[in-house]
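Each chain is listed here by its residues.
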Amino acid sequence: MKIDILTLFPEMFKGVFEESIIKRAIDEKKVEINIINFRDYTNDPHKKVDDTPYGGGAGMVLTCQPIFDCVNDIKTNDSKVILLTPSGVPYKQKHAYELADEKHLIIICGHYEGFDERIRTIVDEEISIGDYVLTGGEIASMVLVDSVTRLLPGVITEASHKDDSFNNNLLDYPTYTKPRVYNGLEVPEVLLSGDHKKIEEFRREESIKKTREVRPDLLGDD
Ligand SMILES: C[S@@+](CC[C@H](N)C(=O)[O-])C[C@H]1O[C@@H](n2cnc3c(N)ncnc32)[C@H](O)[C@@H]1O
């Protein structure tokens, strides 16, 4: 998969994709991530990419021209263009799986007060990573790229993500590792029993219990 991130702040991405699983995925060519500064596409002699809003109001608004030209330059028939915005569709794990099936993602990071409304005409999807407002789309794009990359074939094993939280509308079951007793806290006996059927049942029950406790909305119980 190829991912192009359009941003005014490429330096923010330093380090983020240079560690752990995402770095390995890049090194092994499971994903190609390009950080593109759309300021490079502006026709403005002073390299401006924003302006004051028509009708007045606070803050600066990203102009159409640099983003239109940048997207036109890199877009192919295989591209899915995503705009990050608090008013987008709330991002969920199911959506991450859908995006992981795409060949090419183009992710537009807004900044300042936002972007010219007409930019919406060149995007395929608008995504919000939650009901709060960030200073820009950069951190939101990192969330998207991280969550999608780990689902790409061969990045982590399918077994590692198939029981993750949100699959089957459940949160993950509790996990334990050595030692068997720590500070008087014991590992549930069933996990030491070697009885795989019982372990599976225990994990499913715990998963449902946890979901009911903290996210009943996932079960449709709220
Ligand atoms: C300060 S925000 C603009 C907020 C805008 N005035 C509003 O109220 O919807 C600047 C940019 O950050 C990004 N952003 C902020 N919060 C976001 C969120 N929850 N999900 C996705 N992108 C977000 C968007 O790209 C947005 O254009």
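Because the structure is a prediction, the values reported are computed rather than measured. (Residues numbered from 1 in each chain as written. Predicted model: local features only at pLDDT ≥ 70, side-chain atom pairs only at ≥ 80, totals over all residues. Heavy atoms only, no water.)

(A) Inspection of the domain arrangement of the protein chain at higher detail. The domain boundaries assigned to the protein chain delineate domain 1 (2–156) and domain 2 (163–219). Domain 1 and domain 2 are separated by 36 Å when their C-alpha centres are compared. (Domains from an automatic or database assignment.)

(B) How the structure looks around the site of the ligand. Residues in close proximity to the ligand total 20 residues, the closest being Leu 84, Gly 110, Glu 113, Tyr 132 and Leu 134. Between Glu 113 and the ligand, the recorded distance is 2.8 Å, taken from a backbone N or O atom to a nitrogen atom. Bound to the protein, the ligand loses 83% of the 580 Å² it would expose on its own. Of all the elements in the fold, those that place two or more residues in the shell around the ligand are β5 (79–90), β7 (114–115) and β8 (125–128). Ranked by residues supplied to the shell around the ligand, first place goes to β5 with 3 residues. For the shell around the ligand, the class distribution of residues is 10 nonpolar, 9 polar and 1 charged. (Near = heavy atom within 4 Å. Polar contact = N/O pair within 3.5 Å; in protein donor to acceptor, adjacent residues only side chain to side chain. Areas by Shrake-Rupley, 256 points an atom, 1.4 Å probe, with all protein chains shown as cover. Helix = DSSP H or I, 4+ residues; strand = E, 2+ residues; numbered from the N terminus. Nonpolar A, V, L, I, M, F, W, Y, C, P; charged D, E, K, R; others polar.)

(C) Region of the structure containing the side chain of Thr 42. Considering the arrangement of structural elements, one finds Thr 42 in the loop between β2 (32–37) and β3 (50–51). Looking at Thr 42, its side chain comes within polar contact range of the main-chain nitrogen of Asp 44, at 3.1 Å. With residues near it in sequence (within four places) discarded, Thr 42 still touches Lys 47, Lys 48, Val 49, Gln 65 and Pro 66. (Contact = heavy atoms within 4.5 Å.)

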